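Below are the chains, spelled out letter by letter.
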Protein chains: 2
Amino acid sequence: MDSSFAYLFQGLDESQMEKIRAIGKEVAMTQGQQIFREGQEANGVYILRQGSAELLTVIEREIELPISILRDPGDTFGTSALVPPYRYSLSARCVEEGKLFSMETKALRRLAAEDHDIGCKIMTNLAAHFLERLKETRQEVKIHFKTLLMTTRS
Amino acid sequence: MDSSFAYLFQGLDESQMEKIRAIGKEVAMTQGQQIFREGQEANGVYILRQGSAELLTVIEREIELPISILRDPGDTFGTSALVPPYRYSLSARCVEEGKLFSMETKALRRLAAEDHDIGCKIMTNLAAHFLERLKETRQEVKIHFKTLLMTTRS
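Before going into details, it helps to say that this report is about the structure given with it.

Conventions used here
- Residues numbered from 1 in each chain as written.
- Chains lettered and ligands numbered in written order.
- Predicted model: local features only at pLDDT ≥ 70, side-chain atom pairs only at ≥ 80, totals over all residues.
- Heavy atoms only, no water.
- Least-squares fit on C-alpha atoms with pLDDT ≥ 70 in both.
- Contact = heavy atoms within 4.5 Å.
- Buried area = accessible area lost by both parts, 1.4 Å probe.
- Salt bridge = Lys/Arg side-chain N within 4 Å of Asp/Glu carboxyl O.
- Polar contact = N/O pair within 3.5 Å; in protein donor to acceptor, adjacent residues only side chain to side chain.
- Helix = DSSP H or I, 4+ residues; strand = E, 2+ residues; numbered from the N terminus.
- Nonpolar A, V, L, I, M, F, W, Y, C, P; charged D, E, K, R; others polar.
- Phe/Tyr/Trp six-rings, centres within 6.5 Å; stacked < 30°, edge-to-face > 60°.
- Buried < 20%, exposed > 50% of the residue type's maximum accessible area, 1.4 Å probe, protein only.
- Lys NZ or Arg CZ within 6 Å of the ring centre and 35° of its normal.
- Arc of directions from axis to C-beta.
- 1 Å grid on protein atoms, 1.4 Å probe; cavity = no way out; pocket = protein on both sides within 12 Å on 5 of 7 lines; lining within 4 Å.
- Points joined across faces, edges and corners; volume = space filled by probe spheres on them.

Take the relation of the copies chain B and chain A next. Its rotation angle being 180°, the transformation that places chain B on chain A also includes 0.0 Å of axial translation and leaves an RMSD of 0.0 Å. Taken together, the turn and the small shift mark the pair as related by a two-fold rotation axis. Among all C-alpha atoms of chain B, that of Ala127 of chain B lies closest to the rotation axis, at 2.0 Å. The share of interface residues of chain B whose copies in chain A are also at the interface is 100%, consistent with both copies meeting through the same surface.

A word on the interface of chain B and chain A. Contacts between the two partners involve 39 residues from chain B, matched on the other side by 39 residues from chain A. With both chains or domains summed, chain B and chain A bury close to 3,700 Å², and 75% of this area falls on carbon and sulfur atoms. The three residues of chain B that bury the most area against chain A are Arg138, Lys142 and His144 of chain B, which together make up 15% of that side's buried surface. Lys142 of chain A is the partner of Glu38 of chain B in a salt bridge, and the nearest nitrogen-oxygen pair spans 3.5 Å. Applying the counting criterion to the chain B and chain A interface returns 8 residue pairs in polar contact (both at pLDDT 80 or more). Contributions of two or more residues to the side of chain B that touches chain A are made by β3 (44-60), β4 (63-70) and α3 (116-153) of chain B. With 25 residues, α3 of chain B is the single largest residue contributor to the side of chain B that touches chain A. Among the residues forming the side of chain B that touches chain A, the class breakdown is 21 nonpolar, 8 polar and 10 charged.

Let us look at the packing of aromatic side chains. For any two aromatic rings, the description comes down to two numbers: the centre-to-centre distance and the angle of the planes. Residues and elements named next belong to chain A. All told, the structure shown has 8 aromatic pairs over all chains when counted by the stated rule. Their ring planes at 35° and their centres at 6.0 Å tell us that Phe36 and Phe77 sit as a pair that is tilted. Of this pair, Phe36 sits in strand β2 (residues 34-36) while Phe77 sits in strand β5 (residues 76-77), placing them 41 residues apart in sequence. Relative to Tyr88, the ring of Phe36 lies with its centre 3.7 Å away and its plane at 10°, an arrangement referred to as stacked. Of the two residues, Phe36 sits in strand β2 while Tyr88 sits in the loop between β5 and β6 (91-104), which places them 52 residues apart along the sequence. According to the relative accessible area criterion, Phe36 is buried, its value standing at 4%. Take Tyr88: its relative accessible area is 5%, and that puts it in the buried class. The ring of Tyr86 is capped by Arg109, whose NZ or CZ atom sits 3.7 Å from the centre of that ring.

Another aspect to go through is helix α2 (residues 105-114) of chain A. All names here are of chain A. Those residues of α2 not exposed but buried are Thr105, Ala107, Leu108, Leu111 and Ala112. Down the axis of α2, the smallest arc covering the buried residues is 165°, so these residues share one side. Across from the buried face of α2, at angles greater than 90 degrees, the exposed residues are Lys106, Arg110, Ala113 and Glu114.

A few words on the side chain of Ser89 of chain B. For Ser89 of chain B, the position within the fold is in the loop between β5 (76-77) and β6 (91-104). Note on Ser89 of chain B: relative accessible area 15%, which makes it buried. In this structure Ser89 of chain B touches Leu131, Lys135 and Arg138 of chain A together with Glu38 and Ser80 of chain B, once residues within four positions along its chain are discounted.

With the rule as written, the count across this model stands at 1 cavity of 30 Å³ or more. Approximately 40 Å³ is the volume found for the largest cavity. Around the largest cavity sit Arg138 and Val141 of chain A together with Ile67, Thr137 and Glu140 of chain B, which together line it. Of all elements in the fold, only α3 (116-153) of chain A together with α3 of chain B reach the threshold of two or more residues within the lining of the largest cavity. Residue composition of the lining of the largest cavity, by class: 2 nonpolar, 1 polar and 2 charged.

Time to look at the environment of Gly44 of chain A. All names here are of chain A. Inspection of the secondary structure puts Gly44 in strand β3 (residues 44-60). Look at Gly44 and you get buried, because its relative accessible area is 3%. Along the chain, Gly44 and Val83 lie 39 residues apart, while their C-alpha atoms are 12 Å from each other. Setting aside its immediate chain neighbours within four residues, Gly44 contacts Gly78, Ala81, Tyr88, Met103 and Thr105.

This is the structure:
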């Protein structure tokens, strides 16, 4: 795991990264595999090591809206596992087979409680990450509004 | 300030709340007053005490998109001041004259650095808050997509 790419662990020192590595394991993912589903109790946080995965949400029963595609080693997902209500806010599916570094949510939260500094840094990174996603998503809402305005005007 | 309403300070004990109160001051706001603008360097975090304020974003030069209206004492805004790049992600304007509890970002960040536990709790609350807003905003994107789908189908 190249820690420099995993935003979640930015600022952790080598001994802290050692603890993170100790609670996770590498798992394989195969093309089309559902990694987790929106709304499910969130039992794992994942870091992409190889291959690619997509995050998506279901609009209506049969229509999926892609949110983002993760293809860079270090890309992290499932992080809503770390924040109340501890449920996945999106679904994740493997697009191209590869490997994930998988951490059990319980172990990660226990580690964060034991080593307060780890917990604090993770939460700071997470807040920055969610704000970034929030701004991006607001941009999308803006684009939709602009489209609507143009439709109304024409 | 009724701390029970300010999500940002959830979990802080009375002595920690004392420190928070010490770095802020009550300021008046008047109807129509621009409290801050999107993109500006974020120098303050605000808690509503009385009156109401709206958060909004500018779509095109002259069109504003309202994001939310804050009318409950304890409602907190300007929190993107606490996360890189330390700029406001929205604009805030007073709708109905009232009072704000205003905290200088620098003082709040200094306090968070001095009292690690305060910093940690604030960041945890902030991560949960941004995730909640992110989920709400994604819901809006979904609604827009549904509308588009219906338009395409009809």
